[in-house]
Amino acid sequence: MKGQCLCGAITITTNGEPVMMSKCHCRDCQYISGGEASPLLFFPMDNVEIQGTASTFEKKADSGKGVERSFCPKCGTHVYSKAEAAPDMIFVKAGTIDRADLDAADVQTAMVFYAASAQPFSHIDEDAQVFETSPS
Ligand SMILES: [Zn+2]
Ligand SMILES: [Zn+2]
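Residues numbered from 1 in each chain as written. Chains lettered and ligands numbered in written order. Predicted model: local features only at pLDDT ≥ 70, side-chain atom pairs only at ≥ 80, totals over all residues.

## Considerations on the overall build of the protein
Operational definition: Numbering of helices and strands starts at the N terminus; helices are DSSP runs of H or I of at least 4 residues and strands are runs of E of at least 2. In this setup the radius of gyration rests on C-alpha atoms only. A globule is expected at 2.2 Å times the number of residues raised to 0.38. Field definition: a residue is buried when 20 or more other C-beta atoms are found within 10 Å of its C-beta, exposed when 12 or fewer are, and partly exposed for counts in between, with C-beta atoms placed from the backbone.
The secondary structure content of the protein amounts to 2 helices and 11 strands. Taken from N to C terminus, the helices and strands of the protein fall in the order β-β-β-α-β-β-β-β-β-β-α-β-β. For 136 residues, the compact-globule estimate of 2.2 N^0.38 gives 14 Å, and the C-alpha radius of gyration of the protein, at 14 Å, lies within 12% of that figure. For the protein, the proportion of its 136 residues judged to be buried stands at 32%.

## As for the sheet that holds strand β10 (residues 111–113)
Our working rule: The criterion for strand pairing is that DSSP finds at least two bridges linking the strands in question.
Here 8 strands make up an open sheet; going across it, the order is β6-β7-β8-β9-β4-β3-β10-β11 and the pairing mixed. Only two strands of the sheet have a single neighbouring strand rather than two, namely β6 (55–60) and β11 (129–130). Here strand β3 (residues 20–24) runs beside β10; their pairing, made up of 3 bridges, is parallel. Bridging from a neighbouring strand, lysine 23 pairs with valine 112 of β10.

## Structural notes on the nonpolar core
Rule in force here: For this entry, the nonpolar core is defined as buried Ala, Val, Leu, Ile, Met, Phe, Trp, Tyr and Cys residues connected by C-beta atoms within 7 Å. Each residue is represented by a C-beta atom placed from its backbone, and any two residues with such atoms within 7 Å are regarded as in contact.
By size, the foremost hydrophobic cluster in this structure holds 26 residues, and its most contacted members are Cys24, Leu41, Val79, Ile90, Phe91 and Val92. Mapped by element, the contributors of at least two residues to this core are β3, β4 (38–44), β8 (78–83), β9 (86–93) and β10. Setting aside residues no more than four positions away along its own chain, phenylalanine 91 makes contact with Leu40, Leu41, Phe42, Tyr80 and Ser81.

## Observations concerning unusual backbone geometry
Unusually for a residue other than glycine, aspartate 106 sits at a positive phi of about 50 degrees. Looking at the element boundaries, aspartate 106 is found in the loop between α2 (99–105) and β10. Of note, tyrosine 114 is a non-glycine position whose phi angle comes to about 55 degrees, a positive value. Take tyrosine 114: it is sitting in the loop between β10 and β11.

Any functional reading would require information beyond the geometric quantities listed.
Quick look at the structure:
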């Protein structure tokens with residue numbers, strides 16, 4: 001799969017399709033997305049190549065473990081995140097991936113995290129495995 005930030009300064013190339021997709025409705029992800037859940041594609045770290053230099057903001061999640069959120073310093077697009085709780089994985093924002101590649105992989109939401117803090121205007125994917133907070 002291929003993807004990029006809004007301005008194109010950061011590009012993503014993946015080896016293969018994501019392991020799964022989740023939507024995270026935690027408050028932190030809502031700030032990042034503008035109010036909705038963050039749609040995250042889970043990839044093993046070794047399967048993703050990032051080109052360009054992202055800025056990174058780190059904050060502890062509710063679990064107490066750190067989450068690094070990386071974004072383009074020029075256009076502000078959040079491109080990927082990494083979690084201390086899952087050091088071998090990288091979480092790519094689904095919206096940065098080319099639409100044709102998402103269609104080809106038929107990516108659907110497998111899990112929903114932090115449904116308890118979803119905004120009243122947000123939709124919860126009922127077909128997915130829904131967790132009120134984090135799964136662990
Ligand atoms: Zn950019
Ligand atoms: Zn979140």
